[in-house]
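# Overview (structure and organization)
The residues making up each chain are set out below.
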Amino acid sequence: APSPPKALRGDKRRPMDNSFMVGLSAQQVLQKRMDTTANNLANMTTAGFKVEHLVTRDLTEKPATASDSPNEISFADAWMLQRDFSTGPIEQTGNPLDFAIEGEGFFAVQTAAGQAYTRDGRFTLNQQGQVVTRNGDLVMGEGGPVTLNATGGPISVSREGSISQDGQIAGTLRVSNFQTPAALEKAGNNLWLATDEQPAPATDARVVSGFVEGANVNAVKELTDMIEISRAYTSVAKMIQQSDELRGSSIEKLARVR
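Just so it is clear, the model here is predicted, and its values are computed rather than measured.

## Digging into the pattern of salt bridges
Under the counting rule described, the total for this entry stands at 8 salt bridges. A salt bridge links arginine 119 to glutamate 213, with the shortest nitrogen-to-oxygen separation between them at 2.9 Å. Taken as a pair, arginine 119 in the loop between strand 6 (114-118) and strand 7 (124-125) and glutamate 213 in strand 19 (residues 211-213) lie far apart in primary sequence, 94 residues in all. The residues arginine 119 and glutamate 213 share a single accessibility class, namely buried.

As structure tokens, then:
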């Protein structure tokens, strides 16, 4: 459970109502877990989407103490999102401008904010005949944007990403890989930004045309997690309610004695 707000911490030199502190912290973490799980389920049909899970860590600072044994109370914090970059199911579409990467790697695209990377290979052609993403970002080849003849013949793609049309190579898709893909920064629109990571050629990747990579979301697992989170949240809420009722009863009895 995450650290409660400072206004709720009080004076650490005297015991606090730990049931409220632990309950509030647990609910905050459970809420973030529920948001992450719901986002995974919402992107089940998003091409190239990578499933995310919340990672927690123990807090060294103790926002509450106990007057009775056990005196030690452990708190956790919603630390970061961990992404699973395993390959999703490769689904056939028949569209020659749909591409999928078998193995590790990302397509390089040029956005208004700079270079970005994606596993979503649902590409189209713009008015200039350039291969673009669904958001209109240019798909980059080894020598710049990949350009095709909109009225030309059918295209063929090699496993290395070379696109041929009318007997000539129109361009080679730039497929990049990273030593630590988890360090990539999520930029929205199914795009990733390289922060401290330097791209390198994805030598072991294979590009296939007429296919797209689906999301690697396990729907059964995510639904099971959602039920578990919902039950845990309800249990914590019940604990807080019972503690509140117990404290109210105690205050009432003390008032009668005085």
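## Description of the nonpolar core
Ranked by size, the top nonpolar core spans 18 residues in total, and within it Phe99, Phe107, Leu173 and Val175 carry the most contacts. Only strand 4 (99-102) and strand 5 (106-111) provide two or more residues apiece to this core. Apart from the residues lying within four places of it in its own chain, the contact partners of phenylalanine 99 are Phe107, Gly121, Phe123, Ile155, Val157, Ile163, Leu173, Val207, Val208, Ser209, Phe211 and Val212. Judged by nonpolar contacts, the second largest core, of 8 residues, contains Ala108, Tyr117, Met140 and Leu184.

## Observations concerning the confidence of the model for the protein
Within the protein, residue pLDDT values average 87, and 89% of them lie at 70 or more. Note that residues 4-16 has pLDDT below 50 and, in this model, 26 contacts with residues that lie over four places away or in other chains.

## Some points on the sheet that holds strand 12 (residues 162-165)
Spatial strand order, 11-12-13: 3 strands in an open sheet with antiparallel pairing. Of all strands in the sheet, those with a lone pairing partner are strand 11 (155-157) and strand 13 (168-172), marking the two edges. Pairs of neighbouring strands in the sheet enclose a mean axial angle of 30°, with direction left out of account. Of the pairings in the sheet, the one linking strand 12 to strand 13 comprises 4 bridges and is antiparallel in character. For glutamine 165, the partnering residue across the bridge sits in strand 13 and is glutamine 168.

## Quick word on the pairing of strand 9 (residues 138-141)
Pairing analysis gives 2 bridges linking strand 5 to strand 9, with the strands arranged antiparallel. Note on strand 9: the bridge partner recorded for glutamine 110 is leucine 138. In terms of strand pairing, strand 9 meets strand 10 (residues 144-145) through 2 bridges, oriented antiparallel. Each residue of the ladder has a partner; that of glycine 141, found in strand 10, is glycine 144. Linking strand 9 to strand 10, which pair antiparallel, is a turn of 2 residues.

## Some thoughts on the pairing of strand 6
In terms of burial, strand 6 is a largely internal element, 4 of the 5 residues being buried. The turn joining strand 5 and strand 6, which pair antiparallel and follow one another in sequence, is formed by 2 residues.

## Quick look at unusual backbone geometry
Backbone geometry places asparagine 189, a non-glycine residue, at a positive phi of 55°. Counting through the fold element by element, asparagine 189 comes out in the loop between strand 15 (185-188) and strand 16 (191-193).

## Topic: the environment of phenylalanine 107
For phenylalanine 107, the position within the fold is in strand 5. Its relative accessible area of 1% is what places phenylalanine 107 among the buried residues.

## Concerning the packing of aromatic side chains
Following the criterion strictly, the structure yields 6 aromatic pairs and no others. Taking the centre distance of 5.0 Å and the plane angle of 85° together, the rings of tyrosine 117 and phenylalanine 178 count as edge-to-face. You can see tyrosine 117 sitting in strand 6 and its partner phenylalanine 178 sitting in the loop between strand 14 (175-177) and strand 15, a full 61 residues away along the chain. Phenylalanine 178 carries the same exposure label as tyrosine 117, and that label is buried. What links up through ring pairs into an aromatic cluster is the set Phe85, Phe106, Tyr117, Phe178 and Trp192.

About the thresholds
- Residues numbered from 1 in each chain as written.
- Predicted model: local features only at pLDDT ≥ 70, side-chain atom pairs only at ≥ 80, totals over all residues.
- Heavy atoms only, no water.
- Salt bridge = Lys/Arg side-chain N within 4 Å of Asp/Glu carboxyl O.
- Helix = DSSP H or I, 4+ residues; strand = E, 2+ residues; numbered from the N terminus.
- Buried < 20%, exposed > 50% of the residue type's maximum accessible area, 1.4 Å probe, protein only.
- Core = buried A, V, L, I, M, F, W, Y, C linked by side-chain atoms within 4.5 Å.
- Contact = heavy atoms within 4.5 Å.
- pLDDT = per-residue confidence, 0-100.
- Pairing = 2+ DSSP bridges.
- Axes fitted to C-alpha atoms, helices over the stretch in contact; angles between N-to-C directions.
- Phe/Tyr/Trp six-rings, centres within 6.5 Å; stacked < 30°, edge-to-face > 60°.

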